[in-house]
Amino acid sequence: MTPSETLAFFQHGIPYSRQTHLVPGKLAIVLSCLYITAVSTQDGKIECTVPLVKPLQEAVLICQFPEDLSVTKKSFSVYHYAKDGSQDAVIDCWWLNNKLECYDKPGFKSSKTVGANMTVTIREVTSEVTGKYACQVDGYGPKSPGACELEFELGSSDTCSIVQNQFQANITCFFTEDIAKTRRRFAVYKHNGQEKHMVANCSWEGTRSRCQVEHGYLNTDDVSYYTTLRILEVAKDQRGNYSCWHEGSTSGQQETCQLNVDDNETLAAKVIETDNTFAIVLGSVISTFLLVAGIVSLMVFKGKIPFLHHRITQRNRKLDCEERSLMTTPNDTSVEGITKKFNAVSFDDV
């Protein structure tokens, strides 16, 4: 809206009798305010905010719009610009029959309600989802989208955390830098009192990490600001304190994490595993028995086993004979003869 258009709009809403009484200075101030408001509404900027977050934790991104989208019914999106240059719409929302519909990329969740702002929850922040984000609304120019950067909150020393699930455990190391870029060696230690020994020793061959791990441990290829060491079945000698280290970090400043599995939980888990194994074995035995019985029956029926076929045939014939003998009745002639003899004997007696 140009100044002349703003003036025409302003004067259109004022009765003619009052237009001549406006002081020129006040009129200029009012027109300036209206013009600034019109320009700011047209060129309003979208804002995006997201705090620093620790690796593998949840993050909340907030988009702030210059208008209430629940009133204007404008479509909007949230784009992720990865550090490798790729871009992807992680949230895409539109209005259908005055109802908001949204597509959420796996790992992202929109608030499903929108006004002058909207929130996006990133369930687990990995290295792949860090980078730049931008909130975009239909009808706004390229300078309007608000951008924000999702980055890790890094500590001053290497740390670790342990997640336990019955008799399994994951030991996750958090480093002070992206060791996939620096290609520095790293290790995981198991502490025994004042002493410690290495359960995983890792180095780099090109772009891939190579680890030597003790029996009972399993490393993963996902290495950046963090990495995970898995224990598929926790043994008694694996319980205790652990720490992580990478080359270049200050020795002795690594924080420890504790693996302590309750014996009762381990026993219960093993009982469940034993019950499941027994059920699987029993089911296999029953299935095998039914299969063998079916095969034998089919072979007997087709005469593939002569001995059993002969015995069964004889038994069936014997049963047929017995049934026929029970069903046999005297014929009419024999009944007539017996009746005559009975009458003759009765007549003689008389």
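Before any of the text, the structure's been laid out above.
Residue positions are counted from 1 within each chain, in the order its sequence is given. Only residues with pLDDT of at least 70 are given local features in this predicted model, and only at 80 or more are side-chain atom pairs given and counted; all residues enter the totals for whole chains, interfaces and linings. Only heavy atoms go into the side-chain values, all of them from the structure, while hydrogens and water stay out.

**Structural notes on the overall build of the chain**
Let me state the cut-off plainly: Working definition: helices are DSSP H or I runs of at least four residues, strands are E runs of at least two. Numbering for both runs from the N terminus. Three labels apply to residues, based on accessible area from a 1.4 Å probe with only protein chains included: buried if under 20% of the type maximum, exposed if over 50%, partly exposed otherwise in between. The contact criterion used throughout is that any non-hydrogen atoms of two residues lie within 4.5 Å. Areas reported as accessible are Shrake-Rupley estimates using a 1.4 Å probe. Residue values count occlusion only from the protein chains shown.
Assigned secondary structure in the chain consists of eight helices and 18 strands. In the chain, buried positions account for 29% of the 350 residues. In the chain, once contacts between residues fewer than 6 apart in sequence are set aside, the share between residues at least 24 apart is 55%. For the chain, the accessible area works out to roughly 23,500 Å², and carbon and sulfur atoms hold 55% of it.

**Observations regarding the pattern of salt bridges**
Counted only if it meets this: Salt-bridge detection follows one rule: a side-chain nitrogen of Lys or Arg within 4 Å of a carboxyl oxygen of Asp or Glu.
This model, assessed by the stated rule, comprises seven salt bridges. A salt bridge links D88 to K105, with the shortest nitrogen-to-oxygen separation between them at 2.6 Å. Note that D88 is positioned in strand β4 (residues 87–96) and K105 in the loop between β5 (99–104) and β6 (108–110), a separation of 17 residues in sequence. In this structure, the salt-bridge partner of E177 is R184, at a minimum N-O distance of 2.9 Å.

**Thoughts on the nonpolar core**
The condition is simple: In plain words, nonpolar cores are sets of buried Ala, Val, Leu, Ile, Met, Phe, Trp, Tyr and Cys residues tied together by side-chain atoms within 4.5 Å.
In this structure, L61, F65, F76, V78 and Y133 are the most contacted members of the largest nonpolar core, which totals 32 residues. Elements with a minimum of two residues in this core: β2 (59–64), β3 (76–81), β4, β7 (117–122), β8 (131–137) and β9 (146–150). Once residues lying within four places of it in the same chain are set aside, the contact partners of F76 are F65, L69, I91, D92, C93, L100, V114, M118, Q136 and V137. Ranked by size, the runner-up nonpolar core spans 24 residues in total, among them I171, V188, W204 and V261.

**Comments concerning the sheet that holds strand β10 (residues 159–165)**
Keep this limit in mind: Two strands are counted as paired when DSSP detects at least two bridges linking them. Here an axis means a line fitted to C-alpha atoms, over the contact stretch when the element is a helix, while the angle between two N-to-C directions is reported on a 0 to 180 degree scale.
Judged by pairing direction, the sheet is antiparallel, and its four strands sit side by side in the order β10-β11-β16-β15 without closing on themselves. Two strands lie at the open edges of the sheet, namely β10 and β15 (217–219), each paired on one side alone. On average, each strand axis in the sheet is tilted by 20 degrees relative to the strand beside it, whichever way the strands run. Here strand β11 (residues 168–174) pairs with strand β16 (residues 226–231) via six bridges, running antiparallel. In the sheet register, A169 faces β16, and the bridge partner there is I231.

**Quick word on the pairing of β16**
The element β16 is extensively covered by neighbouring structure, given that five of its six residues are classed as buried. Connecting the antiparallel pair β15 and β16 is a turn made up of six residues.

**Some details on the state of the cysteines**
Let me state the cut-off plainly: Throughout, a disulfide means two cysteine sulfur atoms within 2.5 Å of one another.
This model, assessed by the stated rule, comprises six disulfides. Disulfide partner of C48: C148, at an S-S distance of 1.8 Å. Here C48, found in strand β1 (residues 47–49), pairs with C148, found in strand β9; they are 100 residues apart in sequence, far enough to count as distant. Take C48 and C148: they sit in the same class, and that class is buried. A sulfur-sulfur separation of 1.9 Å characterises the disulfide bridge that pairs C63 with C135. The disulfide joining C63 to C135 has a torsion of about -70 degrees about its S-S bond and is therefore left-handed. Of this pair, C63 sits in strand β2 while C135 is found in strand β8, placing the two residues 72 residues apart along the sequence. Classification of C135 by relative accessible area gives buried; the value is 0%.

**Here's the deal with the sheet that holds β4**
The strand order β5-β4-β3-β8-β9 describes an open sheet built from five strands, whose pairing is antiparallel. Two strands lie at the open edges of the sheet, namely β5 and β9, each paired on one side alone. Neighbour-to-neighbour, the strand axes of the sheet open up by a mean angle of 15 degrees, direction not taken into account. Note: β3 against β8, six bridges, orientation antiparallel. Residue pairing across strands places F76 opposite V137, the latter belonging to β8.

**Side note on unusual backbone geometry**
Of note, L56 is a non-glycine position whose phi angle comes to about 70 degrees, a positive value. Mapped onto the elements of the fold, L56 is located in the loop between β1 and β2. Exposure remark for L56: the relative accessible area of 22% places this residue in the partly exposed category.

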